[in-house]
Amino acid sequence: MDASLPTQFLSEPSLGLYRIQEHVTTKVPQLVAVKKEVREVERLVVMANSDLHEAQEIVRSLDRVTEFTKIAESLKALKSRLQEKRAGGQN
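### What about the overall build of the protein chain?
Assigned secondary structure in the protein chain consists of 2 helices and 0 strands. Out of the 91 residues in the protein chain, the part that is buried amounts to 0%.

This is how it looks when you write it as structure tokens:
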């Protein structure tokens, strides 16, 4: 039996723990940076979602504005008059 074999077995756990510590030391700062980025993106998504809901409510409320209803009616009447003129000019 090789004399260095028991020494190797005894040092392997220490080497393993050293590798784990080395890995944690390099990866944790990277993970913290990624976590900060994710939080910032999440904040931006929440703000964009809030803006979207507000815009949706504004658009929904537009049909209750009488001026817009009058404008829409005027545009429809104008469109039908233009179509009548085009139809009359083609004959």
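### Quick word on the pattern of salt bridges
Following the criterion strictly, the structure yields 3 salt bridges and no others. We note a salt bridge from R19 to E22, for which the minimum N-O separation is 3.4 Å. With a gap of 3 residues between them, R19 and E22 both fall in helix α1 (residues 4–62), about one helical turn apart. Looking at R19, the relative accessible area reads 47%, which means it is partly exposed. Classification of E22 as partly exposed rests on a relative accessible area of 35%. Residue R60 pairs with E57 through a salt bridge whose shortest N-O separation is 3.2 Å. In this pair, R60 and E57 both sit in helix α1, 3 residues apart, roughly one turn of the helix. Accessibility expressed as a relative area gives 47% for R60, which makes it partly exposed. Note on E57: relative accessible area 46%, which makes it partly exposed.

### Details of a nonpolar patch on the surface
A cluster of nonpolar side chains, I58, V59, L62, F68, I71, L75, L78 and L82, forms an exposed patch at the surface whose accessible area comes to about 730 Å². Residue contributions to the nonpolar patch peak at 5 residues, all from helix α2 (residues 66–90). As for its placement among the helices and strands, V59 is situated in helix α1. On the accessibility criterion, V59 (55% relative accessible area) is exposed.

Reading the values: rules and limits
- Residues numbered from 1 in each chain as written.
- Predicted model: local features only at pLDDT ≥ 70, side-chain atom pairs only at ≥ 80, totals over all residues.
- Heavy atoms only, no water.
- Helix = DSSP H or I, 4+ residues; strand = E, 2+ residues; numbered from the N terminus.
- Buried < 20%, exposed > 50% of the residue type's maximum accessible area, 1.4 Å probe, protein only.
- Salt bridge = Lys/Arg side-chain N within 4 Å of Asp/Glu carboxyl O.
- Patch = residues over 30% accessible without salt bridge, like charges linked within 9 Å, V, L, I, M, F, W, Y side chains within 5 Å.
- Areas by Shrake-Rupley, 256 points an atom, 1.4 Å probe, with all protein chains shown as cover.

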